[in-house]
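This is what each chain is made of:
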Amino acid sequence: MLDGYTRPVISIGDDVTCLIDTGADAPVWTQGAEILEDVFKAELVSGKKFILSGFGKEAEIVDVYRIFDVELRGMDSDRVIFKSMIVACTKRPSMIASLIIPATAFSKMNYTIRNVGVKEPIVQIEHDKEEYAVGSFFNNRGDRFVERGYSFANEEKGYRENEGIEL
């Protein structure tokens, strides 16, 4: 965890912070489309929108983007890569982090936030694979709106079993 944060915020690159949010259903990029496209080479998913709520404002309809590789790298060079992550894109620069990754993205992993018995808080992620895809469910009112995200293991490659990652 990054110093100065009381919530699980980690760094995933130059000036890119990530909040692991146990109350969220979908990944959210909070810094606007231009930065998202620049940092991750993300692509707009045409014809899809996300109804974004839970940020203290009224719900807003936002664009949907695909980020092809989001890498969480541990202190020992271990890593988890989220392939083809679908994110809601908004511009709220005062948010705690640039990217919010929901607990649903970690549904095939164990994650622990250690505060007791450690010098500084640590996020630990135990995983069986190195790569995971983050798909999305669509709203039952049609497939125009993304409802929430979920994670599944990428079975195309066989990675070491029972890997763990500390961030």
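Residues numbered from 1 in each chain as written. Predicted model: local features only at pLDDT ≥ 70, side-chain atom pairs only at ≥ 80, totals over all residues. Heavy atoms only, no water.

Would you mind going over the overall build of the protein with me for this structure?
In terms of regular secondary structure, the protein is built from one helix and 12 strands. For the protein, the N- to C-terminal ordering of α and β elements is β-β-β-α-β-β-β-β-β-β-β-β-β. When the 167 residues of the protein are sorted by exposure, 44% land in the buried category. Here the contacts in the protein between residues at least 6 apart in sequence split such that 62% fall between residues at least 24 apart. (Helix = DSSP H or I, 4+ residues; strand = E, 2+ residues; numbered from the N terminus. Buried < 20%, exposed > 50% of the residue type's maximum accessible area, 1.4 Å probe, protein only. Contact = heavy atoms within 4.5 Å.)

Teacher, can you tell me more about the layout of surface pockets here?
Regions of empty space are outlined by a rolling probe, equal in size to a water molecule, passed over the atoms. If you add up the space inside the largest pocket, you get close to 260 Å³. The wall of the largest pocket is formed by 18 residues, among which Gly 23, Ala 24, Asp 25, Ser 53 and Phe 55 lie closest to the centre. Looking at the lining of the largest pocket, the elements that each hand over two or more residues are β2 (16–21) and β4 (43–52). A per-element tally of the lining of the largest pocket places β4 first, with three residues. Of the residues that constitute the lining of the largest pocket, the class distribution is 11 nonpolar, three polar and four charged. (1 Å grid on protein atoms, 1.4 Å probe; cavity = no way out; pocket = protein on both sides within 12 Å on 5 of 7 lines; lining within 4 Å. Points joined across faces, edges and corners; volume = space filled by probe spheres on them. Nonpolar A, V, L, I, M, F, W, Y, C, P; charged D, E, K, R; others polar.)

I keep staring at unusual backbone geometry and nothing clicks. Help me out?
Negative phi characterises most residues that are not glycine, and trans characterises most peptide bonds. The phi dihedral of Asp 15 falls on the positive side, at around 60°, and the residue is not glycine. If you trace the backbone, Asp 15 turns up in the loop between β1 (9–13) and β2. For Asp 15, a relative accessible area of 77% gives the class exposed. Even without a glycine there, the phi angle at Ser 84 is positive, about 55°. Its relative accessible area of 24% is what places Ser 84 among the partly exposed residues.

Would you mind going over the side chain of Ser 98 with me for this structure?
Looking at the element boundaries, Ser 98 is found in the loop between β6 (79–89) and β7 (99–102). When neighbours within four sequence positions are excluded, Ser 98 is seen to be in contact with Asp 15, Val 16, Thr 17, Val 28, Trp 29, Thr 30 and Gln 31.

I'm lost on the pairing of β2 in this one. Help?
Each regular strand carries side chains that alternate between the two faces of the sheet. Most of β2 sits out of view: five of its six residues are buried. As judged from the four bridges shared by β1 and β2, these two strands associate in the antiparallel manner. When the sheet's bridge partners are listed, Val 9 is paired in β2 with Leu 19. Sheet analysis places β2 next to β7, joined by four bridges and oriented parallel. Across the sheet, residue Leu 19 finds its bridge partner in β7, namely Ile 100. (Pairing = 2+ DSSP bridges.)

When you look at the nonpolar core in this model, what are you seeing that I'm missing?
In globular proteins that are soluble, nonpolar side chains generally tend to be buried together. By size, the foremost hydrophobic cluster in this structure holds 28 residues, and its most contacted members are Ile 12, Leu 36, Phe 40, Val 70, Phe 82, Ile 101 and Phe 106. Listed by contribution, the elements that provide at least two residues to this core are β1, β2, α1 (33–40), β5 (60–73), β6, β7, β9 (122–127) and β10 (131–138). If sequence neighbours within four positions are ignored, Ile 12 has contacts with Cys 18, Phe 40, Val 70, Glu 71, Leu 72 and Leu 99. Counting 14 residues, the second-largest nonpolar core is a separate cluster that includes Val 9, Val 62, Val 64 and Ile 86. (Core = buried A, V, L, I, M, F, W, Y, C linked by side-chain atoms within 4.5 Å.)

I'm lost on the confidence of the model for the protein in this one. Help?
Detailed reading of predicted coordinates is not advised where the pLDDT is low. Summarising the model, the protein shows a mean pLDDT of 80, and 80% of its residues fall at 70 or more. Averaged pLDDT values for the elements of the protein fall to 41 in strand β12 (residues 163–166) and rise to 96 in α1. Taken together, the stretch residues 148–167 has pLDDT below 50 and engages in 83 contacts with residues farther than four places along the chain or on a different chain. (pLDDT = per-residue confidence, 0-100.)

Please clarify how the pairing of β6 should be interpreted in this entry.
Of all 11 residues in β6, eight are buried, a share of seventy percent or more. As defined by bridge partners, strand β3 (residues 28–29) adjoins β6 across two bridges and the pair is classed as parallel. The partner of Trp 29 across the bridge, within β6, is Cys 89.

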